[in-house]
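A look at the structure
Each chain, letter by letter, is given below.
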Amino acid sequence: TFLVNHSARQSEGQAQILSAFELLWAEGLQINLVIIDQQTNEKPGIFQRILGSLKKKNQRLYWLNNPAEDFSEAVYTAASCLLVNVDKLEEIFQLFKAAQYTLPIMVRENSISHEVAGAHAFYFNGNSADDLATAIKAWMALYESGQHPASEQLQWVTWTQGAEQLKRIILDDEWNKIMQGGSE
């Protein structure tokens, strides 16, 4: 089961995801796609219209519109992989949430995703549905053999920890130790 956490700012990458999964399903792959839709506006956009149409045709596509936080947590726990097809910093924070749940990550390759996830994610390139479908199959082969990148070691801090670090940087002049990854 692949998980996509959709927001209004991500629509450009979601069409590629839906098209890639259509190709994979047409090949007979028995994989699920769960989309958590965080869009809160009342008028459905083009993405929601396409998604609604696909959902009627496919029993392996699950669209959760603004689910409760505890339900979202259950989905993160049950999924096999978080699929992130964006290159914007504000959306890359999904990687930290995946790491909190030890959920493997598949993310579009760019400097931001590499800086955040390092060796703890599987990266893909290309803008076509075929490119992404090929990458998904490659990730699945790694996953089935236990060789996929694991997110458990991805470094992240809570808001409280980050605020404490910032306080120490400013008030205690510990910028060098903290910024270079020294012990705290």
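Now for a quick tour of the structure. Source: prediction; values computed, not measured.

Criteria and cut-off values
Residues numbered from 1 in each chain as written. Predicted model: local features only at pLDDT ≥ 70, side-chain atom pairs only at ≥ 80, totals over all residues. Heavy atoms only, no water. Helix = DSSP H or I, 4+ residues; strand = E, 2+ residues; numbered from the N terminus. Buried < 20%, exposed > 50% of the residue type's maximum accessible area, 1.4 Å probe, protein only. Areas by Shrake-Rupley, 256 points an atom, 1.4 Å probe, with all protein chains shown as cover. Pairing = 2+ DSSP bridges. Axes fitted to C-alpha atoms, helices over the stretch in contact; angles between N-to-C directions. Contact = heavy atoms within 4.5 Å. Patch = residues over 30% accessible without salt bridge, like charges linked within 9 Å, V, L, I, M, F, W, Y side chains within 5 Å. Salt bridge = Lys/Arg side-chain N within 4 Å of Asp/Glu carboxyl O. Arc of directions from axis to C-beta. Core = buried A, V, L, I, M, F, W, Y, C linked by side-chain atoms within 4.5 Å.

Moving on, we get to the overall build of the protein chain. Each helix and strand in the protein chain was counted, giving 9 helices and 6 strands. Within the protein chain, the proportion of its 184 residues that are buried is 42%. Accessible surface, the protein chain: about 10200 Å² in total, of which carbon and sulfur atoms supply 53%.

This paragraph deals with the sheet that holds strand E2 (residues 33-37). On the basis of which strands lie adjacent, the open sheet formed by 6 strands has the order E3-E2-E1-E4-E5-E6 and parallel pairing. Of all the strands in the sheet, just strand E3 (61-65) and strand E6 (122-124) have a single pairing partner and so form its edges. Direction aside, neighbouring strands of the sheet carry axes that sit 20 degrees apart on average. Bridge analysis of strand E1 (residues 2-6) against E2 gives 5 bridges, and the strand direction is parallel. Across the sheet, Leu3 pairs through a bridge with Val34, a residue of E2. Against the sheet, helix H3 (residues 69-78) touches E1, E2, E3 and strand E4 (81-84), its axis set at about 150 degrees to E2. Packed on one face of the sheet, helix H7 (residues 129-144) meets E1, E4, strand E5 (105-108) and E6 and runs near 165 degrees to E6.

Here we take up a nonpolar patch on the surface. On the surface, a nonpolar cluster with roughly 340 Å² of combined accessible area is contributed by Leu166, Ile170 and Leu171. Summarising the element assignment, Leu166 is placed in helix H8 (residues 159-171). The exposure class assigned to Leu166 is partly exposed, which follows from its relative accessible area of 48%.

Attention shifts here to unusual backbone geometry. Backbone geometry places Thr102, a non-glycine residue, at a positive phi of 55 degrees. Here Thr102 is to be found in the loop between helix H5 (94-100) and E5. Of the residues examined, Thr102 reaches a relative accessible area of 40% and is grouped as partly exposed.

Taken as a whole, H3 has its buried residues at Ser72, Val75 and Tyr76. Taken end-on, H3 shows its buried residues confined to a sector of 100 degrees, consistent with a single buried face. Every exposed residue of H3 that faces more than 90 degrees away from the buried side is listed here: Asp70, Thr77 and Ala78. Those residues of H3 that are buried are in contact with E1, E2, E3, E4 and H5.

Let's shift gears to the nonpolar core. Residues Phe2, Phe21, Leu33, Leu83, Met106 and Ile136 are the most contacted members of the largest nonpolar core, which totals 24 residues. Listed by contribution, the elements that provide at least two residues to this core are E1, helix H1 (11-26), E2, E4, E6 and H7. Sort the elements by how many residues they give to this core and H7 lands first, with 7 residues. The residues touching Ile136, leaving out its near neighbours within four places in the chain, are Phe2, Phe21, Leu24, Ile31, Leu83 and Met106. Counting residues in hydrophobic clusters, the runner-up holds 22 residues, among them Val84, Ala98, Val107 and Ala121.

This part is about the environment of Ser113. Here Ser113 is to be found in helix H6 (residues 111-117). Between the C-alpha atoms of Ser113 and Val84, which are 29 residues apart in sequence, the distance is 9.6 Å.

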